[in-house]
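Coordinate analysis (summary)
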Amino acid sequence: MSAATGYSFAYLDEQTKRMIRRAILKAIAVPGYQVPFASREMPMPYGWGTGGVQVTASIIGPDDVLKVIDQGSDDTTNAVSIRKFFARTAGVATTTKTREATVIQTRHRIPEAKLGEHQILVYQVPIPEPLRFLEPRETETRRLHALADYGLMHVKLYEDIARHGHIATTYAYPAEVAGRYVMDPSPIPKFDNPKMDMCEALQLFGAGREKRIYAVPPCTRVRSLDFEDHPFTVQSFREPCALCAATGVYLDEVVLDDRGGRMFVCSDTDFCEERRADGHRGHLLGEAPAAIAGEAGDA
Amino acid sequence: MRETNRVRAMPDAPLLSAESLTKFYGPRLGCADVSFDLHEGEVLAVVGESGSGKSTLLSLLSTELAPSRGAVRYRMRDGSVRDLNALTEAERRFLLRTDWGFVRQDAREGLRMGVSAGANVGERLMAVGDRHYGRIRATALDWLGRVEIEAARIDDTPQSFSGGMRQRLQIARNLVTRPRLVFMDEPTSGLDVSVQARLLDLIRGLVAELGLAVVIVTHDLAVARLLSHRIMVMRQGRVIETGLTDQVLDDPREAYTQLLVSSVLAA
Ligand SMILES: Nc1ncnc2c1ncn2[C@@H]1O[C@H](COP(=O)(O)OP(=O)(O)OP(=O)(O)O)[C@@H](O)[C@H]1O
Ligand SMILES: [Mg+2]
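It should be emphasised that the depicted structure is a prediction, and the values quoted were computed from it without experimental measurement.

Further remarks concern the pairing of strand S9 (residues 212-216) of chain A. Residue and element names in this part refer to chain A. By the criterion of burial, S9 is predominantly enclosed, with five of the five residues buried. Residues Arg 212, Tyr 214 and Val 216 line one face of S9 and the alternating positions Ile 213 and Ala 215 line the opposite face, and both faces are buried. Here strand S1 (residues 35-36) pairs with S9 via two bridges, running antiparallel. The residue of S9 that forms the bridge with Val 35 is Ile 213. Sheet topology places strand S8 (residues 202-207) next to S9; five bridges connect them, and they run antiparallel. Looking at the pairing, Ala 207 lines up with Arg 212 of S9. Counting the residues in the hairpin turn of S8 and S9 gives four residues, including Lys 211, whose phi is positive at 60 degrees.

On to the packing of aromatic side chains, then. Here the structure, examined in full by the defined rule, presents 14 aromatic pairs over all chains. Seen from their ring centres, Tyr74(B) and Trp100(B) are 5.4 Å apart, and the 90 degrees between their planes marks the pair as edge-to-face. Here Tyr74(B), found in strand S4 (residues 69-75), pairs with Trp100(B), found in strand S6 (residues 100-103); they are 26 residues apart in sequence, far enough to count as distant. Each member of the pair, Tyr74(B) as well as Trp100(B), is classed as buried. Note that Lys156(A) overlies the ring of Phe133(A), its terminal NZ or CZ placed 5.2 Å from the centroid. When the ring centre of Tyr181(A) is taken as origin, the NZ or CZ atom of Arg180(A), which lies over that ring, is 4.1 Å away.

For the rest of this paragraph, the subject is the sheet that holds strand S6 (residues 175-177) of chain A. Residue and element names in this part refer to chain A. In space, the three strands of this open sheet follow the order S7-S6-S10, with antiparallel pairing throughout. A single partner strand is all that each edge strand has here, and the edge strands are strand S7 (181-183) and strand S10 (222-224). With direction set aside, neighbouring strand axes in the sheet form an average angle of 35 degrees.

Now for the side chain of Thr257(B). All names here are of chain B. Inspection of the secondary structure assignment puts Thr 257 in helix H11 (residues 255-266). Among the polar contacts made by the side chain of Thr 257, one reaches the side chain of Glu 241 at a distance of 2.8 Å. What Thr 257 contacts, discounting residues up to four positions off in sequence, is Val 233, Ile 240, Glu 241, Val 248 and Pro 252.

So, about the sheet that holds strand S3 (residues 43-48) of chain B. Residue and element names in this part refer to chain B. The mixed open sheet is built from six strands, whose spatial order is S6-S7-S8-S3-S9-S10. Across the chains shown, the open sheet's two edge strands, defined by having one partner strand only, are S6 and strand S10 (238-244). Strand-to-strand, the axes of this sheet are offset by a mean angle of 15 degrees, without reference to chain direction. In the packing of helix H7 (residues 163-175) onto the sheet, contacts are made with S6 and strand S7 (181-185), and the angle to S6 comes to roughly 170 degrees.

Right, let's get into the domain arrangement of chain A. Residues and elements named next belong to chain A. Under the domain assignment used here, chain A contains domain 1 (14-224) and domain 2 (236-299). Once you take the C-alpha centre of each, domain 1 and domain 2 turn out to be 27 Å apart. Counting the surface lost from both domain 1 and domain 2, the interface buries some 1100 Å², and carbon and sulfur atoms represent 42% of this. The largest contributions to the domain 1 side of the interface with domain 2 come from Arg 109, Glu 112 and Phe 191, which together make up 41% of the buried area. At the junction of domain 1 and domain 2, the tally comes to one salt bridge. Put simply, Glu 274 and Arg 99 hold a salt bridge, and the shortest N to O gap is 2.8 Å. Taken together, the residues of the side of domain 1 that touches domain 2 sort by class into five nonpolar, five polar and six charged.

Side chains on a regular strand alternate between the two faces of the sheet. Residue and element names in this part refer to chain B. As defined by bridge partners, strand S1 (residues 16-25) adjoins S4 across five bridges and the pair is classed as antiparallel. Bridging from a neighbouring strand, Thr 22 pairs with Arg 69 of S4. In this sheet, strand S5 (residues 81-83) lies alongside S4 in antiparallel orientation, the contact comprising three bridges. Bridge assignment links Arg 73 to a residue of S5, and that residue is Asp 83.

Calculation notes
- Residues numbered from 1 in each chain as written.
- Chains lettered and ligands numbered in written order.
- Predicted model: local features only at pLDDT ≥ 70, side-chain atom pairs only at ≥ 80, totals over all residues.
- Heavy atoms only, no water.
- Buried < 20%, exposed > 50% of the residue type's maximum accessible area, 1.4 Å probe, protein only.
- Helix = DSSP H or I, 4+ residues; strand = E, 2+ residues; numbered from the N terminus.
- Pairing = 2+ DSSP bridges.
- Phe/Tyr/Trp six-rings, centres within 6.5 Å; stacked < 30°, edge-to-face > 60°.
- Lys NZ or Arg CZ within 6 Å of the ring centre and 35° of its normal.
- Axes fitted to C-alpha atoms, helices over the stretch in contact; angles between N-to-C directions.
- Polar contact = N/O pair within 3.5 Å; in protein donor to acceptor, adjacent residues only side chain to side chain.
- Contact = heavy atoms within 4.5 Å.
- Domains from an automatic or database assignment.
- Buried area = accessible area lost by both parts, 1.4 Å probe.
- Salt bridge = Lys/Arg side-chain N within 4 Å of Asp/Glu carboxyl O.
- Nonpolar A, V, L, I, M, F, W, Y, C, P; charged D, E, K, R; others polar.

Following this line, the structure appears as structure tokens:
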């Protein structure tokens, strides 16, 4: 019980946390398998990361350092409010620096910096079932997973190629975990899929509304599905980040004015700021509005 | 010597054997004591009035329903004879989409209406592990051609297909893995007469060309006459007459079959 707030440590009561930890342990034991759990009401609406928040609440300890990102940014309302929530209910230290964090809760991105074995990445998941698109019946999708019957996943990719000439799925790109279960990695860009493969950090996925938890243990094979003649590829960007000149990272397009002015900048704001602090300078660094360049912008 | 004899005897062994198949839905009888052998390349028509147990029998044969009594034995591709109700779920599914086909009366049950014709045909290939898009598509195109669907429709969903086209697509989707046995439940009913005739021709051609064994349920004796070698007449859940199709239809023994045949001729 936290004296300051009257809440249990990290909001959830101990019994609930134990129940969620059991689900997490099971998820780690069966990589990629969706473990049902009794999702609790959280003081935020579904669709705001209630699954991720419950997972984080169940694993976080007083010595942890928490980072929360939303689409790569630490500064969005959603990220800020989840960070504050844990600062208040668990009294934990928070950070925006990927390197310093021990627990990183994320919506829609994996940080650019390589994660280490001392870290846990918690994903907020809206729809955990990768087969849902083609098979709405839950009883049937469960059976398909049980039998590793994943032809349907390829039907979806086939449809993509037939329609667009290439696999057009760019988010929530399905991947096979440890050679067995196929999972939906949540709506991260497929650019991030390779980062899940053999990642040293533990990866936990929490879906609040759908009451599912799944996991990728450290150093586990994660293979994005594809065809022999249409192999999986990630997005590539024509120009480097306009602020920090980074290449080979995921960039967001930012519209600068209503005359078609725009630029491409790192989606991972911490990564970008750190590079600028190290002296890397992109071609638009001096011109970018402060709101985009952030504190570390044009110091 | 013995060994050779056994191997030689193999082609004569039935592909499928039904033994006293019986199904009760609670107290109501679905079908009772149905026994028969089906050999490779043989077409068996099951005819009878509405409620006589035809669909029930088909569901028992295809393992969609478990029998209350009796068994179905099937000779697998490796030659071993298996009791179908003892198969694991994985084996059963594998059988269903490799060695078997099931053409439904309602194409919406047999197709994925939300995905393209090409994907409908390609699904079984992907399910058994084909991971080469170009090859899957080429095979799908080939099969669309064989069931007389224009190549240009390959990326359309069956939603935009006519009833006859849907049935033909269902057939392509089922035959793409070269099954040895196909179940059909009233595949031509609900289509108008000219479309029916064309579909029957197509089925007849493919069955002969591929040497398929077929169990086809119909209450249309003309369909039975055109497609089947043997016929089984059912009434109130029981088989009341069985034999070579022409013999049964030309010279029915049972009064009920006589009535059935004459009423068709009269109609
Ligand atoms: N799911 C079910 N529950 C209860 N009774 C059933 C069920 N399915 C079929 N029956 C009954 O079993 C008997 C045989 O039905 P079945 O559907 O096999 O007949 P059918 O010959 O296919 O008829 P139709 O020509 O109308 O399709 C009927 O008395 C029917 O009412
Ligand atoms: Mg029926």
